[in-house]
Amino acid sequence: MTARKIIIDTDPGQDDAVAILLALASPEEIDVLGITAVAGNVPLALTAKNARIVCELAGHTEVPVYAGCDRPLTRPLITAEHVHGKTGLDGPDLPDPQMQLTGGHAVDFIIDTLRAHDPGTVTLCPLGPLTNIATAFQKAPDIVERVQEIVLMGGAYFEVGNITPTAEFNIHVDPEAADVVFKSGRPIVVMSLDVTHKALVTKPRNDAFRALGNKAGIATAQMTDFFERFDKNKYGSEGAPLHDPCVTAYLIRPELFSGRHVNVEIETTSELTLGMTVADWWGVTDRKPNALFVGDLDADGFFALLTERLARL
Ligand SMILES: [Ca+2]
């Protein structure tokens, strides 16, 4: 099996950090061509910095990191410091990065990379609001058909919402961008809250990360400790959901996940339900399926994979 070429588009975020660590620890399956930062959980200056902190934590300073869009397509930015802390990576005490950003805009990197590789050989992995991806598609429509697949974290159907009663954060922050992506016609895999809320870091699972004893394992445990405080209060669950690592785990072990190929459209006008992912789970319309909407996973298998791979860093 040759490693799948991907671009990780991200707004780190503790769970983004774990998703990136998993990808960088898995070179047999995943070839990270570059990481593009977008404004989301925290403003762009911090997400662009945090992406480099994570690369250094993984010992992979060769991966280019680009800064992208600092605000949604048409709306003011909404951030989530209440979840992720002031820095976006609160929890572990990680040093400021020595790595520099690579010059040029993230959107141009996405365009140039898709044009430089054979069609159908580059997968996009958005872990934040879809602003960079939608901007690239609008600026260079020729790249859309060159995308192999889009595997993203965002949306919800049965779990409905986390930032509003009916919307998941990434989609709610930039619903117009999400609308562009979901109408792109490319194959899309959606790691919705329906599945990520089943990827819970229970105490034994977090103890296993910590027990690895390496920097990546300990930092992962500390990051999880941090946002668990928020999630426990909110959901009363046994541990914090690890949202974004579902994306990179899917690239390594797709058989851990299951869902339905359905139509998904994005609410962009209603103030009440802005950013809702309207998934036709029950097939009640004749709208054409455009996404694999993932709703379940083998959580034990997922955490076993994560622990095994973090041990390598
Ligand atoms: Ca994220």
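Higher on the page you've got the structure.
Conventions adopted
- Residues numbered from 1 in each chain as written.
- Predicted model: local features only at pLDDT ≥ 70, side-chain atom pairs only at ≥ 80, totals over all residues.
- Heavy atoms only, no water.
- Helix = DSSP H or I, 4+ residues; strand = E, 2+ residues; numbered from the N terminus.
- Buried < 20%, exposed > 50% of the residue type's maximum accessible area, 1.4 Å probe, protein only.
- Salt bridge = Lys/Arg side-chain N within 4 Å of Asp/Glu carboxyl O.
- Pairing = 2+ DSSP bridges.
- Right-handed = clockwise from strand over helix to strand, strands pointing away.
- Contact = heavy atoms within 4.5 Å.
- Donors = N, O, S within 2.8 Å, 3.2 Å for Na, K, Ca; no water.
- Polar contact = N/O pair within 3.5 Å; in protein donor to acceptor, adjacent residues only side chain to side chain.

(A) Molecular detail of unusual backbone geometry. The omega torsion of the bond from Pro 12 to Gly 13 falls at -5°, within 30 degrees of zero and hence cis. In this structure, Gly 13 sits in the loop between β1 (4-10) and α1 (14-24). In this model, Val 160 sits at a positive phi of 65°, which is unusual for a non-glycine residue. Relative to the helices and strands, Val 160 is located in the loop between β5 (147-153) and α6 (169-173). A residue is classified by how much of its surface remains accessible, and Val 160, at 29% relative accessible area, is partly exposed.

(B) Structural view of the pattern of salt bridges. Under the criterion given, the structure shown has 17 salt bridges. The partner of Glu 28 in a salt bridge is Arg 312, with the nearest N and O atoms 3.1 Å apart. Here Arg 312 lies in the segment after α12 (299-310) and Glu 28 lies in the loop between α1 and β2 (30-37), a separation of 284 residues in the sequence. On the accessibility criterion, Glu 28 (41% relative accessible area) is partly exposed. For the salt bridge of Asp 225 with Arg 210, the shortest nitrogen-to-oxygen distance reads 2.3 Å. One end of the pair, Asp 225, is in helix α10 (residues 215-235); the other, Arg 210, is in helix α9 (residues 203-211), and 15 residues separate them in sequence. For Asp 225, a relative accessible area of 31% corresponds to the partly exposed category.

(C) Examining the pairing of β2 more closely. Burial analysis of β2 places seven of its eight residues in the buried class, the great majority of the element. In this structure, β1 lies alongside β2, joined through seven bridges in parallel fashion. Directly across from Thr 10, in β2, lies its bridge partner Ala 37. Once you follow β1 into α1 and on to β2, the crossover reads as right-handed. As a crossover connection, the stretch from β2 through helix α2 (residues 44-58) into strand β3 (residues 65-67) is right-handed.

(D) Just the side chain of Asn 263, in detail. Mapping Asn 263 onto the fold places it in the loop between β9 (257-262) and β10 (264-266). A relative accessible area of 6% means that Asn 263 is categorised as buried. Not counting chain neighbours up to four residues away, the residues in contact with Asn 263 comprise Val 278, Ala 279, Asp 280, Arg 287, Lys 288, Pro 289 and Asn 290.

(E) The coordination of the calcium ion, seen in detail. For the calcium ion, the full set of protein donor atoms is Asp 11 (OD), Asp 16 (OD), Asp 16 (OD), Leu 127 (O) and Asp 244 (OD), and the range of their distances to it is 2.2 to 2.5 Å. One chain supplies every donor for the calcium ion, spaced along it as D-x4-D-x110-L-x116-D. Of this pair, Asp 16 sits in helix α1 while Leu 127 sits in the loop between β4 (122-126) and α5 (131-139), and the two are 111 residues apart along the sequence. For Asp 16, a relative accessible area of 0% puts it in the buried group. Judged by its relative accessible area of 1%, Leu 127 is buried.

(F) View of the side chain of Arg 4. Along the polypeptide, Arg 4 turns up in strand β1. Its relative accessible area of 19% is what places Arg 4 among the buried residues. A distance of 2.3 Å separates the side chain of Arg 4 from the side chain of Glu 149, its partner in a polar contact.

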